[in-house]
Structures are given as C-alpha cells and as structure tokens.
Amino acid sequence: MATDVMATPVAATGGKIKSELMQQRVRAARWFLLPMLIALAVVAGWPLLRSIYFSFTDASLNNIDGAEWIGFGNYFRVQQLASGAVRYRGLLVDADWWNAVWNTLRFAATSVFFEAVLGMVVALVLNAEFKGRGIVRAAILIPWAIPTIVSAKMWSWMLNDQFGILNDLGLRLGLLSQKVAWTATAETAMQAVLVVDIWKTTPFMALLILAGLQMVPKDIYEAAEIDGVHPIKQFFRITLPLVRPALMVAIIFRLLDALRIFDLIYVLTPNSSATKTMSVLARENLFDFDKFAYGSAMSTLLFLIIAILTIVYIWLGKVRFDGGDR
C-alpha cells in the first residue's frame, strides 16, 4: 500500500515533466517556423493581397500608384451604349476567360490521371528486386530533373512539322502520310502539350508513390502468397489501400502544379486558343495588353478556383498530410 502511495506522486511528477517538455518543444517549433512564415508573408502573401486589391481598381502599368477603386467592374458590369443597347462586360462574361478555364481543367484532369496511372506502374517496377535497380531509379528521374523551359524547347524541335524527329520517324515507319504541325494545329496542340507534361512529370509521381510502397511491410505479401492470393488481387486488396495516403498527397501536389501551368504552354503553344490556360491569359492581360487590373482579376479568380478545387479534393478524398486517413 505504501508503494501505491509513493507511486502516485512519482507518476504525477513524471507527467508534469513530460508536459513541460512538450510545451518547450512546441514553443521552439514556433520560433523555428517564424522566419519561414515571415518570408512567405513577404514573398507570397503581400503580392497576393496587392493583386486582389488591383482587381477592384482601374490600374494600368503606366498608372499603378494612381489606380482608382471601381469595385467589381473588372468582374462584371452592365454597359449601356448611346443607342440604348445594353452590353454585359467583365471577366465573368468573357468567352476567352472561360475557354482558358476549360483548357486548364481539361489539361489538369487528363495529365494528373495519366501521371498517376503511369507513376504507379513505374513505382511498382522500381519497387521490385532486380539487378541494377539503383541505376534505373536514378535514370528515371532525368525527365523530371530537366528544367521545364529546356524540356519544352527540346520537344518543340522534336515536334516541328518541317524537321522534327517525330514526323521523320512517323513517315519512315508508315505511321504518318504527311508531316503534322503538332503544336500549331488546334486539333493536336493540347495532345502534344499533354504528352510533354506526362513525360516530364510522371517520374515525380512515381517517386512519391515509391516512397509509400517502401513503407508497406513485406510480411503482408509473404502471408498473401502463402494463402494463394493472386498478384492482381494483392494489388487491389493490399498495395492500393496501403499506398493510398501517399498517392492522394502525390495527386494533390500535381493538381496544384497542373492548374497553374504556364511555362510549358507558353513555350510550346504561346498563341494557341486551344491550349491557352488561365495563367497564360492572365500574363497576357497584365503585361502584353496593358490591362493590369483585368489581369489582376484573372489572377484572383485563378487563385480562388485552385483554392476551391483543392479544398474539395482534400475533403472528398479525406486527405491527410501526416501519412494517414481521416
């Protein structure tokens, strides 16, 4: 009984020490995070707020400081002509903007889907035991390691209709009857951009999925083999559920990147309405057309669309970034 009496204060003291230690760690973590939060506020937060503010003004490149507040005029306004006719103006009724929204969503959905499927296949191959696996793992990352501008310029030469290697191979193998302007034709421009993006970013998806596969215990597969479970059933019953958290996080990272795609489109198909995305259109209005306020409104809507889609995806997919499911 005396032992029980003495154990209670000791346990209470130990719990108090652990609690104080945890509080110290939390405080230290906050101090370590503070410089990063300040940097984010300066580099990302302030420009974002300024862009949102300019979207409610009549700012131009020549008169940014003297911009006047016009409310939602850049988004939607009713304009009455001298003849008495009524015209609706603004971003929400701009056909070019909605075309860019459709191009962006189509590009993001298609590219992320194929990258997830191909990334899973590549990850499963790289996770298997075979000779030279380390070399193959390093080589598979080369497309992702190449800067986007460099790879886009390289593919623009390969896709050229006059002296591109793809047209030459297609004609030699009998796959093509004539040379095709892959990036200049509206029917093939989006497909060409998708091929380049999938080629470049699939290794990134495979790397994240491979990290999840490495966490799956080997004992589970050994037990499944002893029970005679078919490899395909092993994939859908064991591998896919256990690697799902890593796959969902990989998809959200790629989705964020795909929705704001700019450089690849700008290099391969800079003036094609079939591939023009929200980022490309916003950049044109901001700097090329000197419609700074209108371009800021596009940037603001782009931010809102990405934020909404991300929140919906995380909510519906029950994504957690600590490696588990909700």
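Asks: How would you explain the overall build of the protein if you had to name every residue and give the values?
Replies: A tally of helices and strands in the protein yields 12 helices and two strands. Mapped in sequence order, the helices and strands of the protein form the string α-β-β-α-α-α-α-α-α-α-α-α-α-α. For 326 residues, the compact-globule estimate of 2.2 N^0.38 gives 20 Å, and the protein exceeds it by more than 25% at 27 Å. In terms of its C-alpha atoms, the protein occupies a principal-axis envelope of roughly 100 × 60 × 35 Å. Looking at the protein as a whole, 35% of its 326 residues qualify as buried. Residue pairs at least 24 apart in sequence account for 61% of intrachain contacts in the protein once pairs closer than 6 positions are excluded. For the protein, the accessible area works out to roughly 20,100 Å², and carbon and sulfur atoms hold 67% of it. Charged side chains in the protein number 29 positive and 24 negative. The centres of these two groups are separated by 3 Å.

Asks: A description of the nonpolar core should follow, citing residues and the corresponding values.
Replies: W97 and I209 are the most contacted members of the largest nonpolar core, which has 50 residues in total. Each residue touching I209, except ones within four places of it in the same chain, is listed here: A116, G119, M120, A123, V243 and L247. F54, A67, L286 and F292 belong to the second-largest nonpolar core, a separate cluster that totals five residues.

Asks: Can you tell me about a nonpolar patch on the surface, naming the residues and giving the values?
Replies: On the surface, F113, F114, V117, L118, V121, V125, F130 and V136 cluster together to form a nonpolar patch covering roughly 660 Å² of accessible area. The leading source of residues in the nonpolar patch is helix α2 (residues 95-127), at six residues.

Asks: Before we move on, can you summarise the pattern of salt bridges with the specific residues and values?
Replies: Under the counting rule described, the total for this entry stands at eight salt bridges. R172 is paired through a salt bridge with D168; the nearest N and O atoms lie 2.8 Å apart. You can see R172 and its partner D168 sitting in helix α6 (residues 165-172), four residues apart, about one turn around the helix. Take R172: its relative accessible area is 65%, and that puts it in the exposed class. The exposure class of D168 is partly exposed, given its relative accessible area of 34%.

Asks: Help me get a handle on the packing of aromatic side chains, residues and values and all.
Replies: Throughout the structure, instances matching the rule amount to 14 aromatic pairs. With centroids separated by 5.8 Å and ring planes inclined at 15°, the aromatic side chains of F76 and Y88 adopt a geometry described as stacked. Pair noted here: F76 is in the loop between α1 (2-54) and β1 (77-80) and Y88 is in strand β2 (residues 86-89), with a separation of 12 residues, a long-range link. Residue classification places Y88 among the exposed positions, given a relative accessible area of 52%.

Asks: Could you give me a rundown of the pairing of β1, with the residues and numbers involved?
Replies: Pairing analysis gives four bridges linking β1 to β2, with the strands arranged antiparallel. Directly across from Q80, in β2, lies its bridge partner V86. Joining the antiparallel neighbours β1 and β2 is a turn of five residues, in which G84 adopts a positive phi near 100°.

Asks: Describe the packing of helix α11 (residues 278-288) against helix α12 (residues 292-317), with residues and values.
Replies: One way to put it is that α11 packs onto α12 with a least axis distance of 7 Å and a crossing angle of 160°. With respect to their mutual orientation, α11 and α12 come out roughly antiparallel. Crossing geometry of α11 relative to α12 is assigned as left-handed. Residue-level inspection shows M278, S279, L281, A282, N285 and L286 of α11 in contact with α12, the latter providing F292, Y294, G295, S296, M298, S299, L302 and I305. Split by residue class, the contact of α11 with α12 holds nine nonpolar, five polar and no charged.

Asks: Break down the side chain of N103 for me, with residues and values.
Replies: Along the polypeptide, N103 turns up in helix α2. A polar contact of 3.3 Å, which involves the side chain of N103, links it to the side chain of R106. From its side chain, N103 meets the backbone oxygen of K276 in a polar contact 3.1 Å long. Ignoring any residue separated from it by four or fewer positions in sequence, one finds N103 in contact with M190, S273, A274, T275 and K276.

Asks: Please give an account of unusual backbone geometry that cites residues and values.
Replies: At D290, a position not held by glycine, the phi torsion is positive, near 55°. On the secondary structure map, D290 appears in the loop between α11 and α12.

Asks: Explain the layout of surface pockets residue by residue, including any values.
Replies: For the largest pocket, the calculated volume is near 500 Å³. As for the largest pocket, its lining consists of 19 residues, of which L48, S51, S299, L302 and F303 are closest to the centre. Elements with a minimum of two residues in the lining of the largest pocket: α1, α11 and α12. If you tally residues by element for the lining of the largest pocket, the top one is α12, at seven residues. Its residues assigned to classes, the lining of the largest pocket comprises 12 nonpolar, five polar and two charged. Taken together, 13 residues form the lining of the second largest pocket, with L124, N127, Y221, Q234 and T239 sitting closest to its centre. Those elements giving two or more residues to the lining of the second largest pocket turn out to be α2, α8 (218-226) and α9 (231-259). The residue makeup of the lining of the second largest pocket, split by class, is seven nonpolar, three polar and three charged.

Each value, and the rule that gives it
- Residues numbered from 1 in each chain as written.
- Predicted model: local features only at pLDDT ≥ 70, side-chain atom pairs only at ≥ 80, totals over all residues.
- Heavy atoms only, no water.
- Helix = DSSP H or I, 4+ residues; strand = E, 2+ residues; numbered from the N terminus.
- Rg over C-alpha atoms; globule rule 2.2 N^0.38 Å.
- Buried < 20%, exposed > 50% of the residue type's maximum accessible area, 1.4 Å probe, protein only.
- Contact = heavy atoms within 4.5 Å.
- Areas by Shrake-Rupley, 256 points an atom, 1.4 Å probe, with all protein chains shown as cover.
- Lys, Arg positive; Asp, Glu negative; His and termini not counted.
- Charge placed at Lys NZ, Arg CZ, Asp CG, Glu CD.
- Core = buried A, V, L, I, M, F, W, Y, C linked by side-chain atoms within 4.5 Å.
- Patch = residues over 30% accessible without salt bridge, like charges linked within 9 Å, V, L, I, M, F, W, Y side chains within 5 Å.
- Salt bridge = Lys/Arg side-chain N within 4 Å of Asp/Glu carboxyl O.
- Phe/Tyr/Trp six-rings, centres within 6.5 Å; stacked < 30°, edge-to-face > 60°.
- Pairing = 2+ DSSP bridges.
- Axes fitted to C-alpha atoms, helices over the stretch in contact; angles between N-to-C directions.
- Parallel < 35°, antiparallel > 145°, perpendicular 65-115°, else oblique.
- Left-handed = near helix turned anticlockwise from the far one by under 90°.
- Nonpolar A, V, L, I, M, F, W, Y, C, P; charged D, E, K, R; others polar.
- Polar contact = N/O pair within 3.5 Å; in protein donor to acceptor, adjacent residues only side chain to side chain.
- 1 Å grid on protein atoms, 1.4 Å probe; cavity = no way out; pocket = protein on both sides within 12 Å on 5 of 7 lines; lining within 4 Å.
- Points joined across faces, edges and corners; volume = space filled by probe spheres on them.

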